[in-house]
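# Descriptive structure summary
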Amino acid sequence: MASGVEIVEIQDAERLLATGGGGIFSDGELLYAQERVDPARRLAARLAAKRAALRLLGGEAAECEIEVVRGAYGPPVLRLSGAARERLRALGASRALVSLTHERSHAAALVLLVRGER
């Protein structure tokens, strides 16, 4: 198992939101955030998750290949595609877990790469 933590300023997400997401966020992530009263905080937590996952995955993975979606019962889930998914497999991990949090000026995420079955 490997873990990564990332903290970002809400202002970073506000700037990205002002430019339509900067190609970093999926349509689903943008829609989810824009349906909330605090979209920048929601996106900042997702940006932190993407950056933490990228640090763990390394290689050719890109932020746009890492999507934070709501799980069946509400908790966030990382959906990986392309090079991000390939790197996960190459590292011997079967899945990536994520935890998100945010407050007034910062957001954070913890990402765990887990080996073995669910």
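Quick summary incoming for the structure in this document.

### So, the nonpolar core
- Counting residues in each nonpolar core, the largest one holds 33 residues, and the members touching the most others are Phe25, Leu57, Ile66, Leu78, Val111 and Leu113.
- Of all elements in the fold, only helix 1 (10–18), helix 2 (27–34), helix 3 (39–57), strand 2 (66–70), strand 3 (76–80), helix 4 (82–90), strand 4 (95–102) and strand 5 (106–114) reach the threshold of two or more residues within this core.
- Counting residues per element, this core draws most heavily on helix 3, at 11 residues.

### Quick look at the side chain of Glu29
- Looking at where Glu29 falls in the secondary structure, it is placed in helix 2.
- With relative accessibility at 1%, the residue Glu29 sits in the buried group.
- Here Ser26 takes part through its backbone nitrogen, which lies 2.8 Å from a polar atom of the side chain of Glu29.
- Residue contacts for Glu29: discarding those within four places in its chain leaves Ile24, Leu43, Arg46, Lys50, Ile66, Glu67 and Val68.

### Side note on helix 2
- Looking only at helix 2, the buried set comprises Glu29, Leu30, Tyr32 and Ala33. Across the axial projection of helix 2, the buried residues extend over an arc of 165°, all falling on one side. Opposite the buried face of helix 2, at more than 90 degrees from it, the exposed residues are Asp27 and Gln34.
- Where the residues of helix 2 are buried, they touch helix 1, helix 3 and strand 2.

The rules we used
- Residues numbered from 1 in each chain as written.
- Predicted model: local features only at pLDDT ≥ 70, side-chain atom pairs only at ≥ 80, totals over all residues.
- Heavy atoms only, no water.
- Core = buried A, V, L, I, M, F, W, Y, C linked by side-chain atoms within 4.5 Å.
- Buried < 20%, exposed > 50% of the residue type's maximum accessible area, 1.4 Å probe, protein only.
- Helix = DSSP H or I, 4+ residues; strand = E, 2+ residues; numbered from the N terminus.
- Polar contact = N/O pair within 3.5 Å; in protein donor to acceptor, adjacent residues only side chain to side chain.
- Contact = heavy atoms within 4.5 Å.
- Arc of directions from axis to C-beta.

Take it as geometry only, folks, not as evidence of what the structure does.
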